[in-house]
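Structure assessment
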Amino acid sequence: SDEIQLIIVATATPDRLAPSTAAILQDKIKAYNSVAFDIAAVCSGFLFGMSVASQFIAAGVYDNALVIGADTFSRFTDWTRRDAVFFGDGAGAAVLSHTDNDGFLAFRLYTDGRGKWNFTVPAGGSEMPASEETVRRRLHFFQMNGRAVYDTATQVLPVAINQVLQDADLTIADVDYLIPHQPSIKILKRTSEIIGLPWAKVMHNMDKYANTSAGTIPILLDETKASGRLKKGSIILFAAVGSGWTYGASVLKW
């Protein structure tokens, strides 16, 4: 832990409004040589966190960064709603370090605040503090417009993916595996059709854990690595879309 100089925790379900979950985690692992802060980009959080960490490393500010995606949406789920089945709890982490090899080839991140109410937890912040009324109206649980999520995701993910591939001077045929956030199997299948990537190259684990939000990509990356699929030089495509809207893609040469 002494070698970790930066800790970024991507979460939409922090332990507390203050302090940051990253500060709490830093103390738990005794990584006192690090600066630690949270990123709030919901399901895109880990992707955004990797981008921030890689910029610090590329600039020579830090050598080793710990990026974590962690969410416990079961604490914010209204179990009387039909969309209660979408989310699961999960966490994953990755250490990013300086390399003279290829590593990350490109990032493309986007935000469109016009979609901000399509996935939201209305109460509990300074806009609408907790009260008897907010509890009675069940406003401390997430609210989601599932149709808007599907329509937006299938529109913006292909744009982000095609742009980041262009930035990296690659084509979809160069991609060995897509490791995406897990919004829904329908969204992933439709996205793979649009970008022309065979379904066999799309990694998924929704059937085991549902949508673990910021935890999805690191969990799926670990499972893909453990399966023996990743080889030196493999081209990995990451993609995510989340509340905000936030979305993006990145390319990594393993």
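Report follows, based on the coordinates. Everything numeric in this text was worked out from a predicted model, so none of it was measured. (Residues numbered from 1 in each chain as written. Predicted model: local features only at pLDDT ≥ 70, side-chain atom pairs only at ≥ 80, totals over all residues. Heavy atoms only, no water.)

**Some thoughts on the nonpolar core**
- Ranked by internal contacts, the top residues of the largest apolar core, which has 33 residues, are Phe87, Phe119, Ile161, Leu237, Ala249 and Val251.
- Elements represented by at least two residues in this core include exactly helix H4 (146–167), helix H5 (185–195), strand E9 (235–242) and strand E10 (246–253).
- Element by element, the count of residues in this core is highest for H4, at nine residues.
- The contacts of Phe119, once residues within four sequence positions are left out, are Val42, Phe73, Phe87, Phe142, Gln143, Met144 and Ser243. (Core = buried A, V, L, I, M, F, W, Y, C linked by side-chain atoms within 4.5 Å. Buried < 20%, exposed > 50% of the residue type's maximum accessible area, 1.4 Å probe, protein only. Helix = DSSP H or I, 4+ residues; strand = E, 2+ residues; numbered from the N terminus. Contact = heavy atoms within 4.5 Å.)

**So, the pairing of strand E2 (residues 35–39)**
- In this structure, strand E1 (residues 6–10) lies alongside E2, joined through five bridges in parallel fashion. Paired with Ile8 across the bridge in E2 is Phe37.
- The parallel pair E1 and E2, bridged by helix H1 (residues 21–29), forms a crossover whose chirality is right-handed. (Pairing = 2+ DSSP bridges. Right-handed = clockwise from strand over helix to strand, strands pointing away.)

**Focus on the packing of aromatic side chains**
- Counting across every chain of the model gives 10 aromatic pairs.
- With a centroid separation of 4.7 Å and 35° between ring planes, the pair formed by Phe104 and Phe107 is classed as tilted.
- Residue class for Phe104 comes out partly exposed when judged on its relative accessible area of 23%.
- By relative accessible area, which is 18% here, Phe107 ends up buried.
- Pairing Phe119 with Phe142 gives two aromatic rings, centres 5.2 Å apart and planes at 20°, and the pair type is stacked. One end of the pair, Phe119, is in strand E6 (residues 119–120); the other, Phe142, is in the loop between helix H3 (132–136) and strand E7 (143–144), and 23 residues separate them in sequence.
- With a relative accessible area of 8%, Phe119 lands in the buried category.
- Through a chain of ring-to-ring contacts, three or more aromatic side chains come together here, namely Phe73, Phe87, Phe119 and Phe142.
- Across the ring face of Tyr150, the terminal group of Lys186 is positioned such that the distance to the ring centre comes to 5.6 Å.
- Lying over the aromatic face of Trp199, Lys189 brings its terminal NZ or CZ to 5.6 Å of the ring centre. (Phe/Tyr/Trp six-rings, centres within 6.5 Å; stacked < 30°, edge-to-face > 60°. Lys NZ or Arg CZ within 6 Å of the ring centre and 35° of its normal.)

**Things to note about H4**
- Here H4 contains 22 residues, and its C-alpha end-to-end distance of 31 Å stays within 8% of the 32 Å for a straight helix at 1.5 Å per residue.
- When the local axis directions of H4 are compared, the greatest deviation, roughly 25°, occurs at Ala153.
- Those residues of H4 that fall on the buried side of the exposure criterion are Ala148, Val149, Thr152, Ala153, Thr154, Val156, Leu157, Pro158, Ala160, Ile161, Val164 and Leu165.
- Tucked into the core, H4 has its buried residues touching strand E5 (103–111), E7, H5, E9 and E10.
- The positive-phi residue at the C-terminal boundary of H4 is Asp169, with phi of around 60°. (Expected span 1.5 Å × (residues − 1). Bend = angle between axes of the 7 residues up to and from the residue.)

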